[in-house]
Amino acid sequence: MTTTITGATGIDNIKAATGAVLQVVSATQGGVSLVATSSTTYVATGLTKTITPSSTSSKIRIDASFYADADTTGATLFFIVKRGSTSLGGGSQDANTGINLVSNTRLITSLFFTYLDSPSTTSATTYELYMKTANSSNTVRYRPDDVLSSLILTEIAG
């Protein structure tokens, strides 16, 4: 930890060491209706959480854990997290930001991913899980009806 002591009254500013955990917030969903889509553009799942970083240099670690379902052989599921309207990361098939699964049979599976974001703000920042399918003839589902889903946001000192 780095400590800066200034002023006549003692410690006015304490700065956490780079990599220190500053705060953790989480959202969970369970026992609510599933979200199904045949959309080839991203739709919101409803799993969302807001965090207010304490510094513009902070990083936000995003951990998402949830169940998904594709009921069509050969269906491709895409899941990503967005910060506001911004898809995080990038890549031609969203491979850098989320999950791209191709099922060869009926697929019901638990999914988990982690992403480290640099929002560069001290304003309230909302993250949300989104999903889509590669082909509109396939249906994919986000399943908070079966198993608890979670979105954990951890602020890390930059």
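Residues numbered from 1 in each chain as written. Predicted model: local features only at pLDDT ≥ 70, side-chain atom pairs only at ≥ 80, totals over all residues. Heavy atoms only, no water.

Enquirer: An account of a nonpolar patch on the surface is needed here, citing residue identities and associated values.
Expert: On the surface, a cluster of nonpolar side chains totalling about 240 Å² of accessible area is made up of Val21, Val24 and Ile152. Among the secondary structure elements, Val24 is positioned in strand S3 (residues 21-29). (Patch = residues over 30% accessible without salt bridge, like charges linked within 9 Å, V, L, I, M, F, W, Y side chains within 5 Å. Areas by Shrake-Rupley, 256 points an atom, 1.4 Å probe, with all protein chains shown as cover. Salt bridge = Lys/Arg side-chain N within 4 Å of Asp/Glu carboxyl O. Helix = DSSP H or I, 4+ residues; strand = E, 2+ residues; numbered from the N terminus.)

Enquirer: Talk me through the nonpolar core; I want residue IDs and the actual numbers.
Expert: Ile62, Phe66, Phe79, Tyr127, Leu129 and Leu153 are the most contacted members of the largest nonpolar core, which has 24 residues in total. Taken together, the elements giving at least two residues each to this core come down to S3, strand S5 (43-51), strand S6 (59-70), strand S7 (76-83), strand S10 (107-117), strand S11 (125-133), strand S12 (140-142) and strand S13 (149-156). Sorting elements by how many residues they give to this core places S6 first, with 6 residues. Setting aside residues up to four positions removed in sequence, Leu129 forms contacts with Val43, Ala44, Thr45, Gly46, Leu47, Phe66, Phe79, Ile80, Val81, Phe113 and Tyr142. (Core = buried A, V, L, I, M, F, W, Y, C linked by side-chain atoms within 4.5 Å. Buried < 20%, exposed > 50% of the residue type's maximum accessible area, 1.4 Å probe, protein only. Contact = heavy atoms within 4.5 Å.)

Enquirer: Please provide a residue-by-residue account of the side chain of Thr45, values included.
Expert: Relative to the assigned elements, Thr45 resides in strand S5. Of note is the side chain of Thr45, whose polar atom sits 3.2 Å from the backbone nitrogen of Leu47. Within the local environment of Thr45, its side chain forms a polar contact with the backbone oxygen of Leu129, the two atoms lying 2.8 Å apart. With residues near it in sequence (within four places) discarded, Thr45 still touches Gln29, Val35, Glu128, Leu129, Tyr130, Met131 and Tyr142. (Polar contact = N/O pair within 3.5 Å; in protein donor to acceptor, adjacent residues only side chain to side chain.)

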